[in-house]
Amino acid sequence: MPRVLVVFLLLMAIGGCSRRARDTPVAAEHAVENSGLVGSLTGESLDAFDSTFTDQSGHSVTLASYHGRPMVLAMIYTHCTSACPLLLNSLRRLETALPATQRKDTWFVLVTLDPSHDPPDTLRAFAASRGLDLARWRLLRGSREATTELAAILGVKVREEGDGAIAHSSNLYLLDSQGVIRHTVVGLGADPTAMVPARAALR
Amino acid sequence: MRLALAIVLGMIAVPVTAFAAASPRALVPIPAGRYQPLYKRTAVDSNGVATSLPAPPVVVPAFALATHPVTNAEFLEFVRTHPQWRRSQARRLYVDESYLRHWRGDLDFGDPLVANSPVVNVSWFAARAYCAAHGRQLPTVDQWEYVAAASETSADATRDARFQDRLRAWYSQPTPARLAPVGSTYRNVYGVWDLHGLVWEWTADFSSAMVNGESRGDAALDKGLFCGSGAANAGDFRDYAAFMRFAYRSSLSARYCVANLGFREAAPASFKRATSARR
């Protein structure tokens, strides 16, 4: 219960009556981060989660299929116009910031939050249009159940907005080569390159 | 994996009458209706100034809801037949270290006086697996809030001062060391017990209540919430109670096991016939 209470108080603390709206989605980054919730995942192995996903080439995979290399994992959807492009930018900044040898030895995995609108073809076209190097990028689609469950495991909050948009947390997760979460970057405001030392510490 | 399999089986099993017998807890039909959600719609003008407007009422289609929260005895039956959800077996990915901490052992909830009390210290994953094992599911936030707006005599008691007073009294009480049995608070017009006054309850989409760090207008949403209920309408306890629930849900993670958080089962409206036919 203390955690719940703390977050509740936090919510009260940030809940002052500002009449000022966020001008852009980026403003979300200035919100207080509840990294304590997500951070508690550090050290947890995702191995128990063995739902099957389909990658951008139509291959069936599980997250364990990528064991052997560390993985940077995020959940997005391709027709997202607000947070996802920023989240993708964060990922690419991280990709660029990694030393070349580590960059080549890291999976960058995007799991769609909108499986009904992101079939493999769409994911493949998205990867191509964004110039994602498929030597290390993977774009996955799961069932609705698997998507919900992965989001719940990661602490990615999701709300369908009714207009086709999906509000969601914008977090990055670093998994080691055995699927154990080693580092989390919470929210768009956090510096994604904070993950560089954590990646360097793996192997 | 077993959870996913259970869920898939659960979905298949929805129309199958035989599965209803696996859970002793009856479901009652809840007619379609609408309720006024807490959250506000935020309109932003060209100067970036936001105004909070009430959201339109949410239409809730007919469904079925368990008359009572799931009890310790009922959850014991579940872990008996689903060993992967026993306290010592449950994967840490799906439950935190408080999972069933009030129990004495894997198949022993200890204090016999809590047999019929709501099971607590269960994660969202565990609650969901329990429901799926009976071909059921957790209610959504909308479903839960809609039914929870009812008193003993009215489907919408949000303007009933005496009912709201009772909620306020409960909200201000600490959770007792030993929870009362289910069916000990009140039965609302739908025949559903204990929606307030015993424990908080998991909902399928609890995590749609967002605190921060999310895309789109959520920070503004939270501010709108707090302005609307915490300050501007502080005297409106209906909003205050709903705000408390919103804040509580938004503070949860799916692995959390909390000493005053239980759950109850729900099912599509079509399920109702199968269960009530057996009674």
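Everything below is about the structure printed above this text.
Here is what the cut-offs are and how they apply
- Residues numbered from 1 in each chain as written.
- Chains lettered and ligands numbered in written order.
- Predicted model: local features only at pLDDT ≥ 70, side-chain atom pairs only at ≥ 80, totals over all residues.
- Heavy atoms only, no water.
- Helix = DSSP H or I, 4+ residues; strand = E, 2+ residues; numbered from the N terminus.
- Buried < 20%, exposed > 50% of the residue type's maximum accessible area, 1.4 Å probe, protein only.
- Contact = heavy atoms within 4.5 Å.
- Areas by Shrake-Rupley, 256 points an atom, 1.4 Å probe, with all protein chains shown as cover.
- Pairing = 2+ DSSP bridges.
- Axes fitted to C-alpha atoms, helices over the stretch in contact; angles between N-to-C directions.
- Phe/Tyr/Trp six-rings, centres within 6.5 Å; stacked < 30°, edge-to-face > 60°.
- Lys NZ or Arg CZ within 6 Å of the ring centre and 35° of its normal.

Student: Explain the overall build of chain B to me, and be specific about the residues and the numbers.
Tutor: Within chain B one finds nine helices and nine strands. Within chain B, the proportion of its 279 residues that are buried is 58%. Considering only intrachain contacts with a sequence separation of at least 6, the fraction spanning at least 24 residues in chain B is 74%. About 11200 Å² of surface is accessible on chain B, with carbon and sulfur atoms providing 56% of the total.

Student: Kindly report on the sheet that holds strand β2 (residues 60-61) of chain A, identifying the contributing residues and their values.
Tutor: The strands that make up a sheet are held in pairs by hydrogen bonds between backbone atoms, and each pair lies either parallel or antiparallel. Residue and element names in this part refer to chain A. Pairing in this open sheet of seven strands is mixed, and the strands run β2-β1-β5-β4-β3-β8-β9 from one edge to the other. Unpaired on one side and paired on the other, β2 and β9 (181-185) mark the two borders of the sheet. Of the pairings in the sheet, the one linking strand β3 (residues 71-76) to strand β8 (residues 172-175) comprises three bridges and is antiparallel in character. Each bridged residue has a counterpart across the sheet, and for V72 the counterpart in β8 is L174. Contacting β1 (53-54), β3, β4 (107-112) and β5 (137-142), helix α5 (residues 120-129) runs over the sheet at an angle of about 155 degrees to β5. Contacting β1, β3, β4, β5, β8 and β9, helix α6 (residues 144-154) runs over the sheet at an angle of about 115 degrees to β3.

Student: Report on the sheet that holds strand β1 (residues 27-30) of chain B, specifying residues and quantitative values.
Tutor: Residue and element names in this part refer to chain B. Taking strand neighbours across the sheet as the criterion, the three strands line up as β1-β6-β9 in an open arrangement whose pairing is antiparallel. Among the strands making up the open sheet, the edge pair consists of β1 and β9 (266-268). Each strand axis lies, on average, 30 degrees off the axis of its neighbour in the sheet, ignoring direction. Where helix α5 (residues 141-148) meets the sheet, it contacts β1, β6 (63-66) and β9, and its direction lies at approximately 70 degrees from that of β6.

Student: Describe the packing of aromatic side chains, with residues and values.
Tutor: In the structure shown here, the tally under the stated rule is 21 aromatic pairs over all chains. Relative to Y130 of chain B, the ring of F78 of chain B has its centre 5.3 Å away and its plane inclined at 65 degrees; by these criteria the two rings are edge-to-face. Placement of the pair is F78 of chain B in helix α3 (residues 72-81) and Y130 of chain B in helix α4 (residues 124-133), with a sequence separation of 52 residues. By relative accessible area, F78 of chain B is classed as buried at 3%. A relative accessible area of 1% places Y130 of chain B in the buried class. Ring geometry for Y94 of chain B against F125 of chain B: centres 4.8 Å apart, planes inclined by 65 degrees, an arrangement best described as edge-to-face. On the criterion of sequence distance, the pair formed by Y94 of chain B in the loop between α3 and α4 and F125 of chain B in helix α4 is long-range, its members being 31 residues apart. Note on accessibility: Y94 of chain B and F125 of chain B belong to one class, buried. Here the aromatic residues F75, F78, W103, F109, Y130 and F263 of chain B are joined through ring pairs into a cluster of three or more. In this structure, R69 of chain A packs its charged tip against the face of W107 of chain A, placed 4.1 Å from the ring centre.

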